[in-house]
Amino acid sequence: MNEKYNEYINRHLSVLSFRDLADSTISSYMSYLNQFLVWLSESLQSKDLSDLTWDDLRLYFGHLKDDRKLANSTINAHIAQLCDFWEYILKRPWDKKEIPYMRVDEKLPAVPTVDEINMIINSISNLKHKAEIALLYSSGIRISELSRLKCGDILTSKNCIFIAKTKNRSERYAVLSEKALGHLKNYVRSVQPPLTKEDHLFPGEDRHRVEVRNKGISPQSVRNVLDKACDRCSLSEKGYTLHSLRHAFGLHLYDAGTDLIYIKEAMGHKSLSSTEIYLKLGIGNGRNVVSPYDL
């Protein structure tokens, strides 16, 4: 890549950091920018950024679609990043009519049943791993929230979990299941030396090592736990992910008759539109309607 782009890269990183975005968001945005600049160097002979036209940008996004075969949702993420770069760094107005977002097909997520959830959790013998999966499902928290949990965030006296920093940058409380608490207690009793309130509830695999002592469990480690459990239960082909456990929490509450407003608050959704997916997944959605052909 042409070194003349280094200044732009550093300025973009500085702005993203100043905006206090999540580390994962910054990492993704910088990756998307680097991919664009590499293409620019190779395809447009390192054309100056100030000289780029809408035709140039459409050529790039056509490359992502036709050559790299990226999904529309992924291309939209690239567009969002470049829009930020265009406005914050190049100080040029972005025209959505010139570079519109691509249409994305709405697919219903794969969601395990209550029986499958119980089968998965019961198949896990490791106390720490069992507690991780049980807590993800029973509280509906995100994997990023689980990895940041401290022991002191488990408020047994109030039957809830304090979530200090959420995706929406707001504090909230999540439900604490009695059964999940039982798994947590079994796990915590097994940890030596004992965990303190300031320790991560699920520390890295070797919390005695300096580099992981103050870090929570990695999301990939928990993904591996779920993948192995699904394999043992012959559920691998279902395509369940860690986020499937969060969807299961919301869907199973909805199927049990819980109001969407309560589900929204329990899951920490910023907007009710995020919660409305359970209207499509739930026992409604036309599945409890008798066809007029059968009347």
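Criteria and thresholds
- Residue indices begin from 1 for each chain and proceed along its sequence in written order.
- Under the rules for a predicted model, residues below a pLDDT of 70 receive no local features and side-chain atom pairs below 80 are neither given nor counted, while totals for whole chains, interfaces and linings still include all residues.
- No hydrogens and no water enter the side-chain calculation; it runs on all heavy atoms of the structure.
- Put simply, DSSP marks the helices as runs of H or I at least four residues long and the strands as runs of E at least two long, and each gets a number from the N terminus on.
- Burial classes: relative accessible area under 20% of the type maximum marks a residue as buried, over 50% as exposed, and values in between as partly exposed (1.4 Å probe, protein chains only).
- Residue contacts are counted whenever heavy atoms from the two residues lie within 4.5 Å of one another.
- Comment: arc refers to directions from the helix axis out to C-beta atoms.
- Only strands that DSSP links by at least two bridges are regarded as paired with each other.
- For salt bridges, the criterion is a side-chain nitrogen of Lys or Arg within 4 Å of an Asp or Glu carboxyl oxygen.
- In this description, a disulfide is simply a cysteine sulfur pair whose atoms lie within 2.5 Å.
- Only the six-membered ring of Trp is used, alongside the rings of Phe and Tyr, when aromatic pairs are assigned; centres must lie within 6.5 Å, and planes under 30 degrees apart are stacked while those over 60 apart are edge-to-face, with the rest tilted.
- Helix span is expected to be 1.5 Å times the residue number reduced by one.
- Buried Ala, Val, Leu, Ile, Met, Phe, Trp, Tyr and Cys residues form a nonpolar core when they are joined through side-chain atoms within 4.5 Å.
- To obtain each axis, a line is fitted to C-alpha atoms, and for helices this fit is confined to the stretch in contact; angles are then taken between N-to-C directions over 0 to 180 degrees.
- Geometric relationships in this document are graded by angle, where less than 35 degrees denotes roughly parallel, more than 145 denotes roughly antiparallel, 65 to 115 denotes roughly perpendicular, and other angles denote oblique.
- In this scheme, a crossing is called left-handed if the near helix is turned counterclockwise away from the far one by less than a right angle; it is called right-handed if the turn is clockwise.
- Side-chain classes follow a simple rule in which Ala, Val, Leu, Ile, Met, Phe, Trp, Tyr, Cys and Pro form the nonpolar group, Asp, Glu, Lys and Arg form the charged group, and the remainder, Gly included, forms the polar group.

1. Side note on the overall build of the protein
So, point 1. Looking only at helices and strands, the protein features 14 helices and three strands.
So, point 2. Along the three orthogonal principal directions, the C-alpha set of the protein runs to about 70 × 60 × 35 Å.
So, point 3. Relative to its full complement of 295 residues, the protein shows a buried share of 42%.
So, point 4. Long-range pairs, those at least 24 residues apart, make up 57% of the contacts in the protein between residues at least 6 apart in sequence.

2. A look at the environment of Ser125
So, point 1. Mapped onto the elements, Ser125 comes out in the loop between α5 (114-122) and α6 (127-139).
So, point 2. Judged by its relative accessible area of 68%, Ser125 falls in the exposed class.
So, point 3. For the pair Ser125 and Ile89, spaced 36 residues apart in sequence, the C-alpha separation works out to 52 Å.

3. Structural notes on α5
Each α-helix turn comprises 3.6 residues. Residues three or four places apart therefore point the same way.
So, point 1. Listing the buried residues of α5 in full gives Glu116, Ile117, Ile120 and Ile121. In a view along the axis of α5, the buried residues occupy a sector of 130 degrees, so they form one face of it. Along α5, the residues that are exposed and aim more than 90 degrees away from the buried face are Asp115 and Asn122.
So, point 2. Buried-residue contacts for α5 involve α6, α8 (178-190), α10 (219-232) and α11 (242-255).

4. A few points about the sheet that holds strand β1 (residues 154-155)
So, point 1. With respect to topology, three strands assemble into an open sheet ordered β1-β2-β3, the strand pairing being antiparallel. Sheet topology places β1 and β3 (172-175) at the edges, where each strand pairs with a single neighbour.
So, point 2. As paired elements, strand β2 (residues 160-163) and β3 share four bridges and run antiparallel to each other. Bridged to Cys160 within β3 is Val175.

5. Here we look at the pattern of salt bridges
So, point 1. For the structure on display, the rule yields 10 salt bridges.
So, point 2. Notably, a salt bridge pairs Lys65 with Asp66, separated by 3.8 Å at the nearest N-O pair.
So, point 3. Take Lys65: its relative accessible area is 42%, and that puts it in the partly exposed class.

6. Some thoughts on the state of the cysteines
Note: disulfide means a covalent bond formed between the sulfur atoms of two cysteine side chains.
So, point 1. Enumeration according to the criterion identifies zero disulfides in this entry.
So, point 2. Distance from the sulfur of Cys151, which forms no disulfide, to the nearest cysteine sulfur (Cys160) is 16 Å.
So, point 3. Judged by its relative accessible area of 17%, Cys151 falls in the buried class.
So, point 4. Distance from the sulfur of Cys233, which forms no disulfide, to the nearest cysteine sulfur (Cys230) is 6.9 Å.
So, point 5. On the basis of relative accessibility, which here comes to 10%, the residue Cys233 falls in the buried class.

7. Some remarks on the packing of aromatic side chains
So, point 1. Under the counting rule described, the total for this entry stands at 10 aromatic pairs.
So, point 2. An angle of 55 degrees between the planes, with centres 5.6 Å apart, marks the rings of Phe162 and Tyr173 as tilted. Of this pair, Phe162 sits in strand β2 while Tyr173 sits in strand β3, placing them 11 residues apart in sequence.
So, point 3. A relative accessible area of 48% places Tyr173 in the partly exposed class.

8. Some remarks on the pairing of β2
So, point 1. Alternating positions in β2 separate into two faces, Cys160 and Phe162 on one and Ile161 and Ile163 on the other, with burial throughout.
So, point 2. In terms of strand pairing, β1 meets β2 through two bridges, oriented antiparallel. Paired with Ile154 across the strands is Ile161, a residue of β2.
So, point 3. Count of turn residues in the β1/β2 antiparallel hairpin: four residues, of which Asn159 carries a positive phi of about 55 degrees.

9. A short note on α10
So, point 1. Given a rise of 1.5 Å per residue, 14 residues ought to cover 20 Å, and the 20 Å separating the end C-alpha atoms of α10 matches this to within 8%.
So, point 2. Residues Ser221, Val222, Val225, Leu226, Ala229 and Cys230 constitute the buried set of α10.
So, point 3. Against α5, α6, α7 (143-148) and α11 lie the buried residues of α10.

10. Side note on the nonpolar core
So, point 1. Among the nonpolar cores identified, the biggest contains 50 residues, and Ile133, Leu135, Leu146, Leu184, Leu201 and Phe202 are the most heavily contacted of them.
So, point 2. Those residues in contact with Leu184, other than ones at most four positions away along the chain, are Ala131, Leu135, Ile154, Leu176, Leu201 and Phe202.

11. A few points about the packing of helix α1 (residues 6-18) against helix α2 (residues 23-43)
So, point 1. Viewed as axis vectors pointing N to C, α1 and α2 meet at an angle of 160 degrees, and their least axial separation amounts to 10 Å. Taken together, the axis directions place α1 and α2 in an arrangement best described as roughly antiparallel. As for the relative orientation of α1 and α2, their crossing is right-handed in sense. On the side of α1, the interface is formed by Ile9, His12, Leu13, Leu16 and Ser17, while α2 contributes Ile26, Tyr29, Met30, Leu33, Asn34 and Leu37.
So, point 2. Classifying every residue of the contact of α1 with α2 by side-chain character gives eight nonpolar, three polar and no charged.

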